[in-house]
Amino acid sequence: MGLPGSRGSTTARGSLQHLLLFLLFVGPFNCFASYSRATELFYSLNEGLPAGVLIGSLARDLRLSTADGQRPAAPQPPLSFTLASRGLGGQYVQLDNRSGELHTSAVEIDREALCMESSGATVFGGGAAVSSSSPSSESCLLLLDVLVLPQEYFRLVKVKIAIRDVNDNAPHFPVPHIRLSVPENAPVNTRLAIEHPALDPDVGTNGVQTYRLQDNYGVFTLDVEENESGERTPYLIVMGSLDRETREEYVTVIVAEDGGTPPLVGSATLTIGISDINDNCPQFSDSQLNVTLYGNSSLGTHVATVHAVDMDLGSNAQITYSYSQKVPQPSRDLFHLDESTGTITLSSKVDGDTPRLHRLIILGNGPGCIPAVITVLVTIIKVMMRPPEVVPRFIANEAEGVVYLKELEPINTPIAFFTIKDPDEKYKVNCYLDGDGPFRLSPYKPYNNEYLLETTKPLDYETQQLYEISVVAWNSEGFHVNRIIKVQVLDDNDNSPVFSQQLIELSIEENNVPNAFLTKLHATDADSGERGQVSYFLGPDAPSYFSLDKATGVLTVSTQLDREEKEKYRYTVKAVDSGFPPRESIATVTITVLDKNDNSPRFINKDFSFFVPENFPGFGEIGVISVTDADAGQNGWVALSVLNGSDIFVIDTGKGVLRAKVSLDREQQSSYVLWIEAVDGGDPALSSTAKITILLLDINDNPPLVLFPQSNMSYLLVLPSTLPGSPITEVYAVDKDTGMNAVIAYSIIGRRGPRPESFRIDPKTGNITLEESLMQNDYGLYRLLVKVSDHGYPEPLHSTIMVNLFVNDTVSNESYIESLLRKEPDISIEEKQPQISIEPAHKKMESASCMPTLVALSIISLGSIALVTGMGIYICLRKGKKHHRADENVEVQIPLNGRINLHMLEKKPMEISNI
C-alpha cells in the first residue's frame, strides 16, 4: 500500500501529489499506506477491531522484497522489524519481527479513550505516540517507531495509523431531568437555550445531529444551532400562547439523535414550567352585599366579610381591603374594616343619633391593578330595650377567650364566675349553659345573679382537646345574649406506650447473615408532643447479640444463629415515652430459629465391628448402626444404604439394623468390610459414611477330612522283620474349622487281625507304629478302623478311615488280598474317647521320666528271669521313650486360615500298595 518517493526530486513531489489524490478515493477502505524516502508509512483502520486484523506489511510497503515477494538471489541476512519501544501505541498492535506484518492486538482500540483524553496534544510513549488535533477533530493518529535491521537495511520508520471513528456511543444527557422556565407572557417564536445539551464521544456525523420532543403539546418546538467549534445547542421555541392559570407545567421527553447508521439516541425528561406574571386583578363575586344589624348589638359584633379572588400566584395575588374615599367618616368610625381579611365589625355603640343606613364602599386592591369594588349596605334596626349583660371573671388560666385546663383535673374544678344582670334593671334575667362537655353552670349562693362554671368529671386530652360552650342569658322579654367560652385541654403524661402486639412471634432461618433484620416494633402513645415520643429498649433478659434501634424500633441480630445450639429465644422489650416521669410498657418477643440442612448425618462410631457366628440364619440381625442428624424435620431424617456388598447384606433404613440375606460360611469368607452411607432428607442432601467390619466366628460345622489313606481299599505291606517301635504308616487329616474346632485326635476304635493289638496310633500325629515283634503266626491281614475326631463345641465331629496292613514277606496273591478287602470286616467298635493332654511339655517329660524306674523295679522283681531278654527289652524301651518324647513336643493344633488347598500340603512319600 506504500508509494515510494524522493523528497529531493520533482518526480517524488509529483508522486506525492498523485498519492494525495489517490488517498481521497481510497480513504473509505480499511487500510492504506504510502511510502517515501523519508521512511514514513501511513495506515488507517476503524476503532474496535478484534485481534489479528492486518493493518499493513512494512516489508512490502517499504519495497524491501522483490515484486513477486521473493528476496534477491544473493544470500542476504534475514530482515528484522522491531518496535523502538513498547509504549502507549505498542499495546494496540502486534508486529511480526520477520515478515514485518502489523496486526491489531488483543487490546481493543477505543478512539474516544485514545484521542479525546489527549486534548490536542501528542502523547509519546517511548517509541509510540497518539496524536489528535483537537478533541472534536476527526484526526486521531497512533504513532509508532519501527527499527529495520540488519545494517544493510537499517532505517527508522515512522508509522502513522489513523484511527477512524465508528458509531459506538449513543448520545447522553449529563442530567436525567432538565427544567426550563418560560414566562406566561412569552411571545411566539421566543427562543430559550437548553443548558444541558446531549454529549456524544463520537465525532463527525456520528456525533449528535438532531433533537426532537416526544410531545410538543402544540405550543413548543426545538431548533439546533451550531457554533464555530461544531458544538450543537438545542433551543426551545414557543409556538403558541401560554397561560399559567390554564396550565402551569408541561412535562415531555427530549431526544437527541446522532448521524450514525443505524442512528443511536439518548433522552432526558424536560419539564417546562410556566412562570406567573401579574396579569390578573382581584375580583368580587358580587357587587353589593346587604346586612341587617340590631341597634343593641354589643361591641365587636361581626357585621360582614368581603372576599375578592386573584388568579395569580404569590405576591401577584396579595389583596388588601380598604374603604373608598366616598365612605363618610362616621361610618368609618362605627364599622372597623380589617384590611387583610375583609371582616367588618361593630367598633362603637349604636345610639339614637346613629344613622339607620350605612353605605360602605370597599375596594379590593392588588399590585398594579385597578381596585375591585363591592358595596355593603348596613341597615340598623332600632331596639328599645338593652339586652342582658354577661360579665365573666375567670378562675382558671384564660387568654383571648380560651380557658386552659389540664387533663385529669379533679371533679368540680372551678373555671369562672359569671355575673348576669339587666342594664335597665327592669327585667328578671336567667341563664343556662349551652354546649356539650363535662361542665355545669350553677347559681352561686347566697349571691343573686352569680353563677359558677365548673367541671363535672376529669377531662381527657386523648378523648377531646377543645370544648366550645356558651353561657346564655335572657330576660323576661325574650332577649338573649350568648357568651362563648372555649376550653382547651392541656395534655399530661397519663398514657403509657402501647405495643400493637403484646406477644411478638418471629422466625428466622439459621445461618443468617450478620445484622439480619428481624422486625420493626411499633408502639403508640396517645399523649402529645414529647410525652408521646416512644423509644425502644431491650429487656435485661435479651442476649447481647440482639440489637434494637432506639428511635426506629428495628430489631436485628448481629451474629449467625444456630438452631442446633438453640432453637427458641424469648425475651422482653420495652417502649418508653419521653414524659416526666417517663412511662413504659413491656412486650415479649419469641424467635424461632428455623432449621437448614447444615449438618451431615453423624455415626456414633466411624468404625463398627460385629462378631457373628457362621451359619447365622439369613435376615438375622447382625447389629444396629447408630446414626444421628442434628437437623430437624425432613432435614434430620436419615436413610442408610450399603455401598458395597449390597447383594449379600441389607440394612433397615429406619432402624439401622444390618442383616445378611443369606447364611454366612466362615470357611468361604471369614470377614466382610462394608461401607454404609447415611443420607439425610435435606435439599441438597448431605451424607457421611462409616466402615463396618463383620468377623465370622467359627462353629464346629466341618468334620475332619482324611487326606491319607485315600481309600478304605488301600493296604500296606508290613515285613515281619519290622522292629517294635518302628513307624508303619500314618493317618493324616485336616479340619476347615479353627481353634479347638480344628484340633484333631486320632484313635483306633476297631481292630481285626491275627494279633491286632500289635499296632498303636499316636492320638496327636496319627502315626501308626508297631508295638511288639511279629511272630510266625502273626502273618496275615490287619484291619484298623481309625476315628479322626475334632474337639469342637458343643458336639465334636469325626470321620473314620480303614487302615489295612498286610504282614508278610511278599505279596504273592494280590487277588486274594483284594477279595479279603472287599469283604465287610467283622469289627467290634471300641467306644473309647481318645485323650489328648494339653498340659505343658515339661510335665509330660516328668511323667515319661518315671518309666525307667518302673522298668527297673520290674527287672529287680523278676530277678534273674531272662536277664539277657530283659536287657534287650530295656534297651528297646529306652529308644522308644526317646522317640516318644520327641513326638510329644510336636504342636497339636493345625490352624486353618481361610481356605486351604489340600493338594498343596507337602507329604513325605510312603510306600503304598493299592491293588
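What counts and how
Residues numbered from 1 in each chain as written. Predicted model: local features only at pLDDT ≥ 70, side-chain atom pairs only at ≥ 80, totals over all residues. Heavy atoms only, no water. Pairing = 2+ DSSP bridges. Helix = DSSP H or I, 4+ residues; strand = E, 2+ residues; numbered from the N terminus. Axes fitted to C-alpha atoms, helices over the stretch in contact; angles between N-to-C directions. Buried < 20%, exposed > 50% of the residue type's maximum accessible area, 1.4 Å probe, protein only. Polar contact = N/O pair within 3.5 Å; in protein donor to acceptor, adjacent residues only side chain to side chain. Contact = heavy atoms within 4.5 Å. Salt bridge = Lys/Arg side-chain N within 4 Å of Asp/Glu carboxyl O. Disulfide = S-S within 2.5 Å. Core = buried A, V, L, I, M, F, W, Y, C linked by side-chain atoms within 4.5 Å. Phe/Tyr/Trp six-rings, centres within 6.5 Å; stacked < 30°, edge-to-face > 60°. Arc of directions from axis to C-beta. pLDDT = per-residue confidence, 0-100.

> Can you tell me about the sheet that holds strand β39 (residues 534-538), naming the residues and giving the values?
Taken in spatial order, the 4 strands make up an open sheet running β36-β43-β42-β39, and their pairing is mixed. Every interior strand has two partners, whereas the edge strands, β36 (503-509) and β39, have only one. Pairwise comparison of adjacent strand axes, ignoring direction, gives a mean angle of 30° for this sheet. Looking at chain direction, β36 and strand β43 (residues 584-594) are connected through 7 bridges and run parallel. The partner of I504 across the bridge, within β43, is V589.

> Before we move on, can you summarise the side chain of S688 with the specific residues and values?
With respect to the helices and strands, the residue S688 is situated in strand β52 (residues 687-697). Taking the relative accessible area as the measure of exposure, S688 reaches 12% and is therefore buried. A polar side-chain atom of S688 sits 2.5 Å from the main-chain carbonyl oxygen of P601. In this structure S688 touches P601, R602, F603, I676, E677 and A678, once residues within four positions along its chain are discounted.

> Can you break down the pattern of salt bridges residue by residue, with the values?
The full count for this structure, using the stated rule, is 20 salt bridges. Two residues, D145 and K158, come together in a salt bridge whose shortest N-O distance is 3.2 Å. A residue pair is termed long-range when its members are at least 10 positions apart, and D145 in strand β8 (residues 140-149) and K158 in strand β9 (residues 155-164) qualify at 13 residues. Of the charged contacts in the structure, one is a salt bridge between R760 and E771, with a shortest N-O distance of 3.7 Å.

> Describe the state of the cysteines, naming the residues involved and giving the relevant values.
Disulfides are covalent bonds that link the sulfur atoms of two cysteine residues. For the structure on display, the rule yields 1 disulfide. A sulfur-sulfur separation of 2.3 Å characterises the disulfide bridge that pairs C281 with C369. The chirality of the disulfide connecting C281 with C369 is left-handed, given an S-S dihedral of about -85°. Taken together, the residues C281 in the loop between β16 (265-275) and β17 (283-284) and C369 in the loop between β24 (357-365) and β25 (372-381) connect sequence positions 88 residues apart.

> Tell me about the pairing of strand β10 (residues 177-183), and please be specific about residues and values.
Here β10 shows a buried face lined by I178, L180 and V182 and an unburied face lined by H177, R179, S181 and P183. In this sheet, β16 lies alongside β10 in parallel orientation, the contact comprising 7 bridges. When the bridges of β16 are listed, I178 appears paired with L270.

> Can you break down the nonpolar core residue by residue, with the values?
General note: in soluble globular proteins, nonpolar side chains tend to be found buried as a group. Of all hydrophobic cores here, the largest spans 28 residues; its most connected members are L58, F81, V93, V159 and I161. Contributions of two or more residues to this core are made by β1 (40-46), α2 (58-61), β3 (80-83), β4 (93-95), α3 (111-116), β8 and β9. Element by element, the count of residues in this core is highest for β8, at 5 residues. Counting residues in each nonpolar core, the second largest holds 25 residues, with A308, I319, A372 and V378 among its members.

> So what's going on with unusual backbone geometry? Residues and values would help.
Cis peptide bonds are those with omega within 30 degrees of zero, and the linkage from L149 to P150 qualifies with 10°. Inspection of the secondary structure assignment puts P150 in the loop between β8 and β9. Residue K445 is joined to P446 through a cis peptide bond whose omega torsion reads 10°. Along the chain, P446 turns up in the loop between β31 (439-443) and β32 (450-455). One non-glycine residue, N189, lies in the positive phi region at around 75°. With respect to the helices, strands and loops of the structure, N189 is situated in the loop between β10 and β11 (191-193). According to the relative accessible area criterion, N189 is exposed, its value standing at 53%. Although it is not a glycine, N412 sits at a positive phi angle of roughly 70°.

> Summarise the sheet that holds strand β37 (residues 516-520); cite the residues concerned and give the values.
Ordered in space as β37-β41-β40, the 3 strands form an open sheet in which the pairing is antiparallel. Taken across any chain shown, the strands that pair with only one partner, and hence form the sheet edges, are β37 and β40 (546-548). Across the sheet, the axes of successive neighbouring strands diverge by a mean angle of 25°, strand direction being ignored.

> Break down the packing of aromatic side chains for me, with residues and values.
Throughout the structure, instances matching the rule amount to 17 aromatic pairs. Taking 4.8 Å as the distance between ring centres and 75° as the angle between the ring planes, the aromatic pair formed by F417 and Y444 counts as edge-to-face. With F417 in strand β29 (residues 414-421) and Y444 in the loop between β31 and β32, this residue pair connects regions lying 27 residues apart in the sequence. By relative accessible area, which is 34% here, Y444 ends up partly exposed. Taken together, a centroid distance of 6.5 Å and an interplanar angle of 50° make the contact between F499 and Y536 tilted. Of this pair, F499 sits in strand β35 (residues 498-499) while Y536 is found in strand β39, placing the two residues 37 residues apart along the sequence. Take F499 and Y536: they sit in the same class, and that class is buried. Ring-pair connections join several aromatic residues into one group, and the members of that group are Y545, F546, Y569 and Y571.

> Outline helix α5 (residues 814-822), listing residues and values.
The complete set of buried residues in α5 reads I817, E818 and L821. Seen from one end, α5 has its buried residues packed into an arc of 100°, which puts them on one side. Buried residues in α5 make contact with β54 (715-718), β60 (780-790) and β61 (798-807).

> Explain the confidence of the model for the chain to me, and be specific about the residues and the numbers.
The predicted coordinates should not be examined in detail at positions where pLDDT is low. Residues at a pLDDT of 70 or more form 82% of the chain, whose mean pLDDT is 80. Low pLDDT, under 50, characterises residues 1-38; the stretch is placed with 63 contacts to residues that sit more than four places away or in other chains. Between residues 879-915, whose pLDDT stays under 50, and residues either more than four places distant or in other chains, the model counts 52 contacts.

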